[in-house]
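# Coordinate inspection notes
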Amino acid sequence: MILTDATVAEAALTHEGVGFTVTEGQAIALDGDRIAWVGPAAEAPEGPRQSLGGRLVTAGLIDCHTHLVHGGDRAVEFDMRLNGAAYEEIARAGGGILSTVRATRGASDAALLDSALARADHLIAEGVTTIEVKSGYGLDVETELRMLRTARRIATERPVRIVTTWLAAHALPPEYKDDRAAYLREVAIDGLAAAHAEGLVDAVDGFCEGIAFSVAEMEQLFDAADRLGLPVKLHAEQLSDLGGAAMAARRGAISADHLEHLGADGIAAMADSGTVAVMLPGAYYTLRETQAPPIAALRAAGVPMALATDCNPGTSPLTSLLLTMNMGATLFRMTPAECLAGVTSHAARALGLDDRGRIAPGLRADLAVWNAAHPAELSYRIGYNPLHARIFGGDLA
């Protein structure tokens, strides 16, 4: 199939930083699930043709940080917080992450899948073709495994690539409140080995924060990931600067995520290692934070920046990657070109995927076709979905 009359738009690094390239009158030749050729329509190879009517075409969007699989919701907690309840009061009332743990442990496999599919459908409808999904709401080995099995099943029910991440080091469950070392060993590390043996893990993550796990504890988890040959990433510097991002960068992490309190040492380490900074404005917005990530410093250091929904029931109940792009621009002062790179090429890099996120021969034929004149519109509009068509693995989907 030859897609003709396409306006191909990408965001790439230039001498001035990340900028747009927009080329009209292009054709894209598809061969199975791959892009075979891209160039002027007049020079396109022979084959069946489909005109895109001059529409804008980007690589399929990638949501590189989600907690899509979970039980229940925390709308009541949201209401309590807006009415002035402190975190401790919410926790005493049964709220917080442990309420999601209870709901997830109690949900059937079918219920977990149905709710995850509903959230995935919102992302897919906006041109998303790859979604990362984390565990982390089971906090026991079997429920963590159930979460990842459910995540894998999304890709059998919908035309989308699912990348799974082991996040058992997310919080400490009540049954281990007096023995952190045992939880790390018996659930986070031993459970990782079980998940890997079942083929359920593409990467390993942890929450490095004062309310979660220390840098030293995350190093133990990363050691286990190294033994299994798995890439690592880290929730880091969301609430304070513990040096987690710098440690993760030194360990070759593919990404460090959140980063509101990231300092100069962390930025330098990430620049040296090529670790992607994943920005999560949904959590910043929901929590009404006031300290934004150091975007200008990351930009100046040449650290690649990705954007993701962080879709989760407590701090980012967000299922729109287009709205995430707008938040990246308005709340974090990222440019529209940085936002597009953040959900395409840089998002692919944050997942360790080198076969997608751009429009080039040999890469996945995952594309989004837009009713838009310029790629800046994808970050500019609020609550509007201009998707015309979504192509996944060379097929209209």
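Residues numbered from 1 in each chain as written. Predicted model: local features only at pLDDT ≥ 70, side-chain atom pairs only at ≥ 80, totals over all residues. Heavy atoms only, no water.

Within an unreviewed UniProt entry, the label attached to the protein reads Imidazolonepropionase, and the organism entered is Paracoccus sanguinis. Looking at the protein in UniProt, the text filed under Subcellular location (unreviewed entry) is "Cytoplasm". Turning to the protein, the UniProt annotation filed under Sequence similarities (unreviewed entry) states: "Belongs to the metallo-dependent hydrolases superfamily. HutI family." (UniProt positions renumbered as here; feature names shortened; annotations may be inferred.)

### Structural notes on the pattern of salt bridges
One pass over the structure, following the stated rule, counts 25 salt bridges. What you see here is one network of salt bridges that share partners, running through Asp33, Arg34, Asp355, Arg356, Arg364 and Asp366. (Salt bridge = Lys/Arg side-chain N within 4 Å of Asp/Glu carboxyl O.)

### A closer look at the UniProt feature "binding site: 4-imidazolone-5-propanoate" (unreviewed entry) in the protein
UniProt's feature table lists "binding site: 4-imidazolone-5-propanoate" (unreviewed entry) at Arg74, Tyr137, His170, Gln238 and Thr315, given in the numbering used throughout. Sequence-distant contacts of Tyr137, that is, excluding residues within four places in its chain, are made with His67, Val69, His70, Ile97, Thr100, Val101, Thr104, Glu144, Met147, His170, Asn312 and Pro313. Within the secondary structure layout, His170 lies in the loop between strand 8 (161–169) and helix 6 (180–197). Residue His170 is classed as buried on the basis of its relative accessible area, which comes to 8%. A polar contact is formed between the side chain of His170 and the backbone oxygen of Gly136, at a distance of 2.9 Å. (Contact = heavy atoms within 4.5 Å. Helix = DSSP H or I, 4+ residues; strand = E, 2+ residues; numbered from the N terminus. Buried < 20%, exposed > 50% of the residue type's maximum accessible area, 1.4 Å probe, protein only. Polar contact = N/O pair within 3.5 Å; in protein donor to acceptor, adjacent residues only side chain to side chain.)

### Let's talk about the UniProt feature "binding site: N-formimidoyl-L-glutamate" (unreviewed entry) in the protein
Annotation from UniProt places "binding site: N-formimidoyl-L-glutamate" (unreviewed entry) at Tyr137, Asn312 and Gly314. On the basis of their most widely separated C-alpha atoms, the annotated residues across 178 residues gather in one place, lying no more than 11.3 Å apart. Relative to the helices and strands, Tyr137 resides in the loop between strand 7 (128–134) and helix 5 (141–157). Within the secondary structure layout, Gly314 lies in the loop between strand 13 (305–307) and helix 12 (321–330). Residues within four places of Gly314 in sequence aside, it is in contact with Arg74, Arg81 and Thr286.

### Remarks on the sheet that holds strand 12 (residues 276–279)
As summarised here, the arrangement of the eight strands in space is 6-7-8-9-10-11-12-13, forming an open sheet in which the pairing is parallel. Because the sheet does not close on itself, it has two edges, and the strands there are strand 6 (61–63) and strand 13. For this sheet the average axis-to-axis angle between neighbouring strands, irrespective of direction, equals 25 degrees. In terms of strand pairing, strand 6 meets strand 7 through three bridges, oriented parallel. Looking at strand 7, one finds that Leu61 is bridged to Val128. Running over the sheet, helix 6 touches strand 8 and strand 9 (203–208) and is turned about 155 degrees from strand 8. (Pairing = 2+ DSSP bridges. Axes fitted to C-alpha atoms, helices over the stretch in contact; angles between N-to-C directions.)

### Description of the packing of aromatic side chains
Counted by the stated rule, this structure contains three aromatic pairs. Measuring from centroid to centroid gives 5.3 Å for Tyr176 and Tyr183, while their planes differ by 70 degrees, and the two rings are edge-to-face. A single burial state applies to Tyr176 and to Tyr183, both of which are buried. Ring geometry for Tyr284 versus Phe332: centroids 5.1 Å apart, planes at 75 degrees, classification edge-to-face. One end of the pair, Tyr284, is in helix 10 (residues 281–286); the other, Phe332, is in the loop between helix 12 and helix 13 (336–342), with 48 residues separating them in the sequence. Each member of the pair, Tyr284 together with Phe332, is buried. Every member of this aromatic cluster is reached through a ring pair, and the members are Tyr176, Tyr183 and Phe213. The ring of Phe392 carries the charged tip of Arg364 above its face, separated from the ring centre by 4.8 Å. (Phe/Tyr/Trp six-rings, centres within 6.5 Å; stacked < 30°, edge-to-face > 60°. Lys NZ or Arg CZ within 6 Å of the ring centre and 35° of its normal.)

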